[in-house]
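The residues making up each chain are set out below.
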Amino acid sequence: MEGIFMYIRPEQIAEQYEMEVKSISKGRDCFLCETDLGMRALKEYRGSVERAEFLAGMLDFLKEQNIVAEQIFYTKEGEIFARDEEEQNYLLLSVFRGAECDTKSREDMVYAVRLLAGLHNATEQYPDEVPEFVKMNPNALLLLYEKHNRELRQVRNYIRGRKQKNEFEEMFMRQFAGFFEKAQAVTEQLQNMEICEELTGFCHGDYNQHNVVFSREGVAVVNFLNFSYQIRVSDLSNFVRKMMEKNNWNTSLGMELKPQELSYLYFYLAYPEKFWKIANHYSHSHKAWLSGRNTEKLSKVVAQEGAREHFLQTLAGKVENRI
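Attention here is on the structure that accompanies the text.

Thoughts on the state of the cysteines
- Across all of its chains, the model carries zero disulfides by this definition.
- Summary of cysteine pairing: Cys33 is not part of a disulfide, and the nearest cysteine sulfur, belonging to Cys30, is at 8.3 Å.

A look at helix α2 (residues 49-64)
- For α2, which comprises 16 residues, the first-to-last C-alpha distance of 23 Å matches the rise-based estimate of 22 Å (1.5 Å per residue) to within 8%.
- Among the residues making up α2, those that are buried are Arg51, Ala52, Phe54, Leu55, Ala56, Met58, Leu59, Phe61 and Leu62.
- Next to the buried residues of α2 lie β3 (38-45), β4 (72-73), β6 (89-94), α3 (106-123) and β8 (200-203).

What to know about helix α6 (residues 233-246)
- With 14 residues, α6 should reach 20 Å at 1.5 Å per residue; the first-to-last C-alpha distance of 20 Å fits that figure.
- With 12 of 14 residues buried, α6 lies mostly within the body of the structure.
- All buried positions along α6 are accounted for by Val233, Ser234, Asp235, Leu236, Ser237, Asn238, Phe239, Val240, Arg241, Met243, Met244 and Glu245.
- Note on α6: the residue one or two positions beyond its end, Asn248, has a positive phi of about 55°.

Overview of the side chain of Ser228
- Within the element layout of this structure, Ser228 appears in strand β11 (residues 228-231).
- Overall, the relative accessible area of 4% leaves Ser228 in the buried class.
- For Ser228, the contacting residues outside a window of four places in its chain are Val134, Met136, Gly201, Phe202 and Cys203.

Conventions used here
Residues numbered from 1 in each chain as written. Predicted model: local features only at pLDDT ≥ 70, side-chain atom pairs only at ≥ 80, totals over all residues. Heavy atoms only, no water. Disulfide = S-S within 2.5 Å. Helix = DSSP H or I, 4+ residues; strand = E, 2+ residues; numbered from the N terminus. Expected span 1.5 Å × (residues − 1). Buried < 20%, exposed > 50% of the residue type's maximum accessible area, 1.4 Å probe, protein only. Contact = heavy atoms within 4.5 Å.

Pasting the structure below:
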């Protein structure tokens, strides 16, 4: 019955829109609907009506600024989202068919960075007031790192108390001190960093290779559900970290940034995020069913650390030269 319910639910949601649905399939975090108006995506939405309507307006504005981005469609009743029988809200968005940004293609990556700059420049022309509900705490990154540090300690303490440790746990304990020292150092440096309001602006919020699509309509930016108003270099740092992890941290940075932007970029990238992510996944997994995949991921992080440190030293040199 569950499988039937999962099939019927998106059809019932799609009926709330002015479109003829030909087929529905499961996509990445969404239901993909082939319709008479083209491909559409139904995505769960857990935010407020105000935020959804703001986002729809912002996406329309970006379209006017010649940014190829997804659009949000209203229901037959003029509502910003549809609801299923369980009162879960869904947004209906346009879909771009094409290839995602190739993490092995320097041309794709450079284009994606330029596209991000274009996106940021376009949002500067937004004529209305910035809503409070999209503004991030100026100290959000510091608070996040402090939270990560507490979580790393918790994982360390848990594993330390285990009498019989598996391969992953033994490796984690061997590597913990070195990575945690770096985590603490970045956090302490960030505590002394002065917040610069001039560097804040609208951000995509999850800018990565999956959300840049080379389509027939142009190179599109999608998945704006984490759209926010914060330090803009956070978008760039998220993208750069993904690219560097995919390329063993061996791609040089050839972008022009202000000294403070470079400093923020350094702080975003210097924290051992991947080490924390693996530890966090371990913490929330069933320890008895721990997959060897976690051990492989940790081994890769350890193997890449030398290259990551070299990259960070290069970036730190750029920061010093600009000050």
